[in-house]
Amino acid sequence: MALPRARFIFVFVVTVVLLYMILVYYDQPVSNIQYGVQVEQGEDGVVCRDCNKYCYTSPYGKKMVPLDGDKLRQIGCEQRLPQALIIGVKKSGTTALKHFVSFHPQIASPVDEVHFFDNRYFMGMDWYISQMPYALKNQTVLEKTPRYFVWADAPDRVRKDLASDVRMIVVLRDPIGRAVSDFVHIQFKRHLQEVADNGGKPVKQVVLPLTPELKKKREKQKISDERNNKAIGSSMYEVTESFEDSVIDADGNVKGENSLIDTGIYVKYLRRWYEKFPRDQILVMDGIDLIKNPCKAMKSVEDFLGLQPHFTEKHFYFDPVKHFYCLALPVKACMSASKGRTHPEVSQEVTDKLRNFYKPFDRELEELTGQRFSWVERD
Ligand code: A3P
């Protein structure tokens, strides 16, 4: 009788000790979280040096839980208007740029495109701020919405609502490659919509908290946006089954008014931004630099945004499967499958027509910026 009892006590004690050890272990300050970034022990548990990417507490053992708003504010984090924007251009490498730069410790960036200065302006400034990540005082809040570049009212709105020293980054790419990429992207989105319409996976949609008053404002803004965008020729997409038919009309001329093509007339849009902002507040990047030498490209961004030097060659590696550079540190991360898609082949005849169409605009662009771009042919 005594033996089973002693065995029971032994098992009980061992179990309690084990449970205690597990609890103590899980309650330790977490020194390395998923991105491998050092966090510190604060009065209130585990506190991180960065409000968003790495700010986690550990009330339930190793399961990381983002700090809530009150806790974030207590440690000096706040939501505020962006000090920098990536304003475009769609399909030129804007996501790769944002992906890389958001790993800089002094950058805080919303996960998704906010689209405030284009079609969600009616939502108001408080809503815009609420979409921003929590950031420390010494961090730069950076928002990316590529459509700002071509949106008629965006330069005025940014000028009016953000600090006068706001910095903007524009990534440009060979306009022909950009147009093909845009075409593939639109076809893909159509395909997803068709699948959804036939009972497949629903398309992800952002649901805005719309009151009746906001709905009215939205309708009003839609009318003026449509009118103003039409006046400058942006946001008029015409996409058929083939790229060639989408960009060349029945008479063999380039459909310059189609947004697939018009978006690539960079000089037209850049001029509108230059009218509202000093040139040194707008960094114009050649997308090929991001593809060929992301470290150098990120150094130019650090410099432009006044950030401490952070990126080194070690932060990037060329991924042989993705065929692009990916992030190596603090976590290995490539762009999603939606970036780096296969492009349809474009005939030489159409390529030549497009090249000739863009030539005068590209020359003007080089004159305007005083920069040379990789795709512009030299005579
Ligand atoms: P494709 O998908 O047509 O190749 P955006 O993010 O502005 O929509 O741009 C998408 C483009 O970014 C891609 O177009 C690709 O060419 C380019 N890009 C630049 N750097 C990249 C990277 N490291 N990984 C994936 N795509 C990258």
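Just above, that's the structure.
The following refers to the structure shown. (Residues numbered from 1 in each chain as written. Predicted model: local features only at pLDDT ≥ 70, side-chain atom pairs only at ≥ 80, totals over all residues. Heavy atoms only, no water.)

## A few points about the packing of helix H3 (residues 94-101) against helix H12 (residues 294-305)
Orientation of H3 relative to H12, taken along the N-to-C sense of each, is 75°, at an axis distance of 11 Å. On the basis of their axis angle, the class for H3 and H12 is roughly perpendicular. Residues Leu 97, Phe 100 and Val 101 of H3 form the contact with H12, whose participating residues are Pro 294, Met 298 and Val 301. Partitioned by chemical class, the residues of the contact of H3 with H12 number six nonpolar, no polar and no charged. (Axes fitted to C-alpha atoms, helices over the stretch in contact; angles between N-to-C directions. Helix = DSSP H or I, 4+ residues; strand = E, 2+ residues; numbered from the N terminus. Parallel < 35°, antiparallel > 145°, perpendicular 65-115°, else oblique. Contact = heavy atoms within 4.5 Å. Nonpolar A, V, L, I, M, F, W, Y, C, P; charged D, E, K, R; others polar.)

## Here's the deal with the nonpolar core
Grouped together as the largest cluster of nonpolar side chains are 61 residues, with contacts concentrated most on Phe 117, Tyr 128, Phe 149 and Trp 273. With residues near it in sequence (within four places) discarded, Trp 273 still touches Ile 87, Tyr 148, Phe 149, Ala 154, Pro 155, Val 158, Met 168 and Ile 282. Ala 84, Leu 97, Met 285 and Ala 333 belong to the second largest nonpolar core, which has 26 residues in total. (Core = buried A, V, L, I, M, F, W, Y, C linked by side-chain atoms within 4.5 Å. Buried < 20%, exposed > 50% of the residue type's maximum accessible area, 1.4 Å probe, protein only.)

## A short note on the pairing of strand S10 (residues 167-172)
When you tally the buried positions in S10, you get five out of six residues, the bulk of the element. As paired elements, strand S6 (residues 84-88) and S10 share four bridges and run parallel to each other. Opposite Leu 85, over in S10, you have Met 168 as the bridge partner. Pairing geometry for S10 and strand S11 (residues 282-286), over five bridges, is parallel. Bridging from a neighbouring strand, Leu 172 pairs with Asp 286 of S11. (Pairing = 2+ DSSP bridges.)

## Overview of the packing of aromatic side chains
Counted according to the given criterion, the structure contains 18 aromatic pairs. Centre to centre, the rings of Phe 117 and Tyr 148 are 5.4 Å apart; their planes meet at 70°, and the pair counts as edge-to-face. Here Phe 117 is found in the loop between strand S7 (107-108) and helix H4 (125-130), whereas its partner Tyr 148 is found in the loop between strand S9 (140-144) and helix H5 (154-161), with 31 residues between them in sequence. Both residues of the pair, Phe 117 and Tyr 148, count as buried. A ring pair is formed by Phe 357 and Phe 361, whose centres lie 5.5 Å apart and whose planes are at 55°; its orientation type is tilted. With Phe 357 and Phe 361 both in helix H13 (residues 348-369) and four residues apart, the pair spans about one turn of that helix. With a relative accessible area of 24%, Phe 361 lands in the partly exposed category. An aromatic cluster of at least three residues, connected via ring pairs, comprises Phe 116, Phe 117, Tyr 121, Trp 127, Tyr 128 and Tyr 148. Over the ring of Phe 304 we find Arg 167, and its NZ or CZ is 5.1 Å from the ring centre. (Phe/Tyr/Trp six-rings, centres within 6.5 Å; stacked < 30°, edge-to-face > 60°. Lys NZ or Arg CZ within 6 Å of the ring centre and 35° of its normal.)

## Focus on the sheet that holds S7
Ordered in space as S7-S9-S6-S10-S11, the five strands form an open sheet in which the pairing is parallel. Edge positions in the sheet fall to S7 and S11, since each of these pairs with one other strand and no more. Packing of H12 onto the sheet brings it into contact with S6, S7, S10 and S11, and relative to S11 it is tilted by some 175°.

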